[in-house]
Amino acid sequence: MGKDLQTRARSMAFAAALLLSSAVSAQTQITDEAGLKAIANDPSGIYVLAADITLTGQWTPLGTEASPFTGTFDGGGYSIKGLTVTASRDLDNSGLFGYAKGATLKNVSIIGAKVDGDEHVGILLGNAKQVNISGVMTSGIVTGRDHVGGIVGDASGSSDNGEFTSISNCMSTAGVFSRSYQAGGIAGIVNAGNIDKCFFYGSATAEEGYAGAGGISALIDGGSGTFTNNVSAAIYIKGAASVGNSDPKNDFEHAHSIVGWNNNGTGNFENNLSSTAT
């Protein structure tokens, strides 16, 4: 009996080792720019940074609406420098990642980025559909026409189906500029999103029409947004005035240290802090 138990124990240990080895081998380690670009060849993979990376030249965002990134990207606490996406102001879904759905992005710093585009523009990710984002830090300049954010451009999903984008424990010191509409320190807009324990210490500017600017998000655009335990110490926030609106209660500047404004959505707020300067 004793030998049988020992044999079984060894067999179980061996099986566990095989499973662990299989899980580790399923991860692709990235140590250079070429490895980071190769994510585009398998947008459903599991990737882990194993070194700091400095990018050169123009970057092509990873994931498109037709072929979104659906895998896992773990920065491992490393940094990416030199991110430059400035070739076209007409580019939608602009950032390190362009379009992600059901993905996980975490534990990476993106330093000194220069990101431009049209709509859905963010330093980490342009368009997030039911994405989990955590432990991300960004700095640099991000510019677009609409839905522009220091971390993500759009944080959305389906509120009716309980499918949300989650952003937690993130920080941005970026300058966020919209040429027309929404600019948010963490997210450009939230449609079905939860933002928790995030910190913004940059600027957000959008000054045209019904443009909104916010230290955490510029806009709750229908759907719902939950904002908890966030801190906005924005250096500067500027949104456009809602000029000409027939409702005098809405004749105000669409700017706030947490969320710029709410367009027929549901906002839930708890334990958020902001600087008196903004």
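Our structure is the block above this text.
Residue indices begin from 1 for each chain and proceed along its sequence in written order. Selection of residues for local features in this predicted model requires a pLDDT of at least 70, selection of side-chain atom pairs for listing and counting requires 80 or more, and totals for whole chains, interfaces and linings are taken over all residues. Each side-chain value is derived from all of the structure's non-hydrogen atoms; neither hydrogens nor water enter the calculation.

1. Focus on the nonpolar core
Thinking step 1. Only buried Ala, Val, Leu, Ile, Met, Phe, Trp, Tyr and Cys residues count toward a nonpolar core, and they belong to the same one when joined by side-chain atoms within 4.5 Å. We call a residue buried when its accessible area falls under 20% of the maximum for its residue type, exposed when it is over 50%, and partly exposed in between, using a 1.4 Å probe and counting protein chains only. By size, the foremost hydrophobic cluster in this structure holds 59 residues, and its most contacted members are L36, F73, L83, L124, L125, I133 and I167.
Thinking step 2. Per the convention used, a helix needs a DSSP run of H or I reaching at least four residues, while a strand needs a run of E reaching at least two, with both numbered from the N terminus. It is strand β8 (residues 104-116) that contributes the most residues to this core, five residues altogether.
Thinking step 3. Two residues qualify as a contact provided that any one of their heavy atoms is within 4.5 Å of a heavy atom in the partner residue. Ignoring sequence-local partners within four residues, the contact set of L83 consists of L55, W59, L96, I110, G112, A113, K114, V115 and I123.

2. Here we look at the packing of aromatic side chains
Thinking step 1. What counts as a ring pair is set by centres within 6.5 Å for rings of Phe, Tyr and Trp (its six-membered ring), and what kind of pair is set by the plane angle: stacked under 30 degrees, edge-to-face over 60, tilted for all other angles. In total, this model carries five aromatic pairs according to the counting rule given.
Thinking step 2. Aromatic pair Y47 and F69: ring centres 6.4 Å apart, planes at 40°, arrangement tilted. One end of the pair, Y47, is in strand β2 (residues 46-49); the other, F69, is in the loop between β3 (53-54) and β4 (72-74), and 22 residues separate them in sequence.
Thinking step 3. Judged by its relative accessible area of 1%, F69 is buried.
Thinking step 4. The interplanar angle of 65° and the centroid separation of 5.4 Å between the aromatic rings of F73 and F97 together place this pair among those described as edge-to-face. Residue F73 is located in strand β4, and its partner F97 is located in strand β7 (residues 97-101); the two are separated by 24 residues in the primary sequence. Exposure class is identical for F73 and F97. Each is buried.
Thinking step 5. Through pairs of rings, three or more aromatic residues link up here, namely Y47, F69, F73 and F97.

3. Focus: unusual backbone geometry
Thinking step 1. Even without a glycine there, the phi angle at H147 is positive, about 55°.
Thinking step 2. Along the chain, H147 turns up in strand β12 (residues 146-149).
Thinking step 3. Unlike most non-glycine residues, N229 shows phi in positive territory, near 60°.

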